[in-house]
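Coordinate inspection notes
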Amino acid sequence: MRHPRTVLSAALGAVLTAALGAGAVPAGAATAAESPRSAVPSYVAYEGSKEDVKATRAFFAAVVKSVAEKRAANPGARVVTVNYSTANAPTFRAQIARSTQIWNSSVTNVRLQEGANPSFRYYEGNDARGSYASTDGHGRGYIFLDYRQNQQYNSYRVTSHETGHVLGLPDNYRGPCSELMSGGGPGTSCTNAVPNAAERSRVNYLWANGLAAAMKSVS
């Protein structure tokens, strides 16, 4: 019998491949002492070069797996709730709260909230890679918010963009400012922190189908 994580990855593969398409996730090599992990081989950066779709896929799969395990213990829950922690990112609590509000008002199949036993955490600090989303190597995801990048770009857009990776969206740096996941592509003047209709629809699709697949793997 295969490990539940292997089953989950396979089950989510088809859903994520269709949703992510040619969108990508950059990879880099610089590290910083303040980051929750050192020498992260692949991650989701706000703005970068070479893209790695596996990073987005792994991050989303980790979060969905965590949520599925909790729902298996409480199958009667009507709303798919994803808990997060801001304990390690106190400077950005206002931006995170706004990001949560934006996403909760934009999609219907998943809800974000700060709470105990989080499926992912926010961190803050200095990192040459900028802000990014990744996994901690133990089946949990995290978002790192870089100080300098949040000064260069609109901080609310950065946070909302990175949170979009939690929900399964890839980067698309060639997109317009109206597309949240275009990240830093449109430049520092872009302040839009709200996902467009296509991004909202994609998140709803991913959580309706991806979570269903995940629930089968942990049941």
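Just so it is clear, the model here is predicted, and its values are computed rather than measured.

What to know about the overall build of the chain
If you tally the helices and strands in the chain, you get 6 helices and 6 strands. Starting at the N terminus and ending at the C terminus, the chain contains elements arranged as α-β-α-β-α-β-β-β-β-α-α-α. Considering the chain as a whole, with its 219 residues, one finds that 51% of them fall into the buried category. Considering only contacts in the chain between residues 6 or more positions apart, those separated by 24 or more positions represent 68%.

Remarks on the state of the cysteines
According to the stated counting rule, one finds 1 disulfide in the structure shown. Note on cysteine connectivity: Cys-177 is disulfide-linked to Cys-190, with sulfurs 2.0 Å apart. Between Cys-177 and Cys-190, the disulfide has an S-S torsion of 90 degrees and is therefore right-handed. Of this pair, Cys-177 sits in the loop between helix 5 (155–166) and helix 6 (197–218) while Cys-190 is found in the loop between helix 5 and helix 6, placing the two residues 13 residues apart along the sequence. Looking at Cys-177, the relative accessible area reads 27%, which means it is partly exposed.

Notes on the pairing of strand 3 (residues 111–114)
As defined by bridge partners, strand 2 (residues 81–88) adjoins strand 3 across 4 bridges and the pair is classed as parallel. Residue pairing for strand 3: Val-82 is matched across the bridge by Leu-112. Crossover handedness for the path strand 2 to helix 3 (residues 93–106) to strand 3: right-handed.

Here's the deal with the nonpolar core
The biggest cluster of nonpolar side chains holds 29 residues, and the ones touching the most others in it are Phe-120 and Trp-207. Of all the secondary structure elements, the ones that give two or more residues to this core are helix 2 (53–73), strand 2, helix 3, strand 4 (120–125), strand 6 (141–146), helix 5 and helix 6. The greatest single-element share of this core, amounting to 4 residues, is contributed by helix 2. Beyond its immediate chain neighbours, meaning those up to four positions away, Phe-120 contacts Val-63, Val-82, Asn-83, Tyr-84, Ser-85, Leu-112, Gly-141, Tyr-142, Ile-143 and Val-166.

Things to note about the packing of aromatic side chains
If you walk through the whole model with that rule in mind, you get 7 aromatic pairs. Both rings, one in Tyr-84 and one in Tyr-122, keep their centres 5.5 Å apart while their planes meet at 90 degrees; by these two values the pair is edge-to-face. Of this pair, Tyr-84 sits in strand 2 while Tyr-122 sits in strand 4; the two residues are 38 residues apart in sequence, bridging distant segments of the chain. Taken as a pair, Tyr-84 and Tyr-122 share a single burial class, namely buried. Geometrically, the ring pair formed by Tyr-123 and Tyr-142 is edge-to-face, given 5.7 Å between the ring centres and 80 degrees between the ring planes.

Points about the environment of Asp-146
The residue Asp-146 is located in strand 6 in this model. Residue classification places Asp-146 among the buried positions, given a relative accessible area of 5%. Once residues lying within four places of it in the same chain are set aside, the contact partners of Asp-146 are Phe-92, Gly-125, Asn-126, Asp-127, Gly-130 and Ser-131. In this structure the side chain of Asp-146 is engaged in a polar contact, spanning 2.8 Å, whose partner is the backbone nitrogen of Asp-127. A polar atom in the side chain of Asp-146 sits 2.9 Å from the backbone nitrogen of Gln-149.

Here's the deal with the pairing of strand 4
Where strand 2 and strand 4 come together, 3 bridges link them in parallel fashion. Considered in strand 4, the bridge of Asn-88 is made with Tyr-123. Looking at chain direction, strand 4 and strand 6 are connected through 6 bridges and run parallel. Looking at strand 6, one finds that Tyr-123 is bridged to Phe-144.

Analysis parameters
- Residues numbered from 1 in each chain as written.
- Predicted model: local features only at pLDDT ≥ 70, side-chain atom pairs only at ≥ 80, totals over all residues.
- Heavy atoms only, no water.
- Helix = DSSP H or I, 4+ residues; strand = E, 2+ residues; numbered from the N terminus.
- Buried < 20%, exposed > 50% of the residue type's maximum accessible area, 1.4 Å probe, protein only.
- Contact = heavy atoms within 4.5 Å.
- Disulfide = S-S within 2.5 Å.
- Pairing = 2+ DSSP bridges.
- Right-handed = clockwise from strand over helix to strand, strands pointing away.
- Core = buried A, V, L, I, M, F, W, Y, C linked by side-chain atoms within 4.5 Å.
- Phe/Tyr/Trp six-rings, centres within 6.5 Å; stacked < 30°, edge-to-face > 60°.
- Polar contact = N/O pair within 3.5 Å; in protein donor to acceptor, adjacent residues only side chain to side chain.

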